[in-house]
Amino acid sequence: MTRDDVLSALRDASVEVLGVEPGAVTEEANFHHDLDADSLDLVELVMVLEERLGVPIPEEELANINTVGQAVDVVLGRLAPTP
Amino acid sequence: MSYARESEGRVALVTGASRGIGRATALALAQSGHRVAVGWSRDEEGAAKTVVEVEAAGAEALAVRADVGAPAAVDAAFESVESRWAPVEVLVNAAGVTRDGLLLRMGDDQWAEVLRTNLDGTFHCVRRASAGMVRARWGRIVNVGSAAGLLGSAGQVNYATAKAGLVGLTRSVARELASRGVTCNLVTPGPIATAMLDSVGDDRRRELAEAVPLGRLGTADEVAAAIAFLCSDAAAYVTGAVVPVDGGLGMGH
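These lines cover the structure that appears in this document, whether it is placed above or below. For clarity, every value in this text was computed on a predicted model and none was experimentally measured. (Residues numbered from 1 in each chain as written. Chains lettered and ligands numbered in written order. Predicted model: local features only at pLDDT ≥ 70, side-chain atom pairs only at ≥ 80, totals over all residues. Heavy atoms only, no water.)

Some thoughts on the overall build of chain A
Broken down by element type, chain A carries four helices and zero strands. Along chain A, helices (α) and strands (β) appear in the sequence α-α-α-α when read from the amino end. Relative to the compact-globule value of 12 Å for 83 residues, chain A shows a C-alpha radius of gyration of 12 Å, a close match. Projected onto the principal axes, the alpha-carbon positions of chain A cover approximately 35 × 25 × 20 Å. Out of the 83 residues in chain A, the part that is buried amounts to 43%. Summed over all atoms, the accessible surface of chain A reaches about 4,600 Å², with 51% contributed by carbon and sulfur. (Helix = DSSP H or I, 4+ residues; strand = E, 2+ residues; numbered from the N terminus. Rg over C-alpha atoms; globule rule 2.2 N^0.38 Å. Buried < 20%, exposed > 50% of the residue type's maximum accessible area, 1.4 Å probe, protein only. Areas by Shrake-Rupley, 256 points an atom, 1.4 Å probe, with all protein chains shown as cover.)

Details of the interface of chain A and chain B
Of the residues lining the interface, eight residues belong to chain A; the matching set on chain B comes to eight residues. Buried area between chain A and chain B, summed over both chains or domains, comes out near 560 Å², and the portion from carbon and sulfur atoms is 42%. Counting the surface chain A buries against chain B, the share from its top three residues, L40, E44 and M47 of chain A, is 65%. The interface formed by chain A and chain B includes five salt bridges. With a shortest N-O distance of 3.1 Å, E44 of chain A and R180 of chain B are connected by a salt bridge. Taken together, the links from chain A to chain B amount to five residue pairs in polar contact (both at pLDDT 80 or more). For the side of chain A that touches chain B, the leading source of residues is helix α2 (residues 39–53) of chain A, giving six residues. A per-class count over the side of chain A that touches chain B returns four nonpolar, no polar and four charged. (Contact = heavy atoms within 4.5 Å. Buried area = accessible area lost by both parts, 1.4 Å probe. Salt bridge = Lys/Arg side-chain N within 4 Å of Asp/Glu carboxyl O. Polar contact = N/O pair within 3.5 Å; in protein donor to acceptor, adjacent residues only side chain to side chain. Nonpolar A, V, L, I, M, F, W, Y, C, P; charged D, E, K, R; others polar.)

By themselves, these observations are geometric and do not establish any function.
See below:
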């Protein structure tokens, strides 16, 4: 799965969960400031991604996510753990 | 009392519905037009009887076995409701046990068993139900506490502690999920004439009735009526509430 695939999945999930325009979901977008997401929104997003991509995202990783790009990094890290 | 007009055909799960307050609640929700999953753990016969009564009230019923203290069993119970109907929209946590005894003689297992079912069990069910409710942007959770959780109760340090814990659980969940249209409330019954109270002697039952301002034990139906209201659309602006159905016993607490 490429970075673009993950971003695309995250964009779809954000449109559904947060009700934002697809164009607003860029790598630089900040969940809290740009996408108006609260902590419960982030958990919902993560649960949707876990379901669709079949990848578990541990609770402690959530604290490091502020931007869409950081979320993509976390998911990619889980998809292909460094050996 | 029914709230059928506003809330037809939601999917409800009532734990501990094989008897007592749980059974009466299953029936009240059936009369409000909901589909009712009848949760049970030890009393299969009682659950079957509840199912018959729910169906007689004209609603769909489904018996689901769930030892609420075991997260895997809770998960399986919710899955069977989801595969048969849809995600649970109304959850009533009525499963409860007592193992009374004085503090000086209370064993670790006696303490743990009551905490496990009454407090852990409610947590497991609320956690499991919350994802679907948050996604649906609508949900009703009603937990069954006890006047004992607010007043304390000699001989029930385990039970009263578990029921007091439900106050914090209920109000935290109410705060966390409020923005998603999910309400969470606690009903605190006083002495109610159910099988749970059969174990205490007649003298003690009389004493309990006399301690209640209304001068009698309550009925399971009277508790169920309050729960059915909290589960309705009409109760949309009530969350984090502790609602006594206790004949006035707990006034001021």
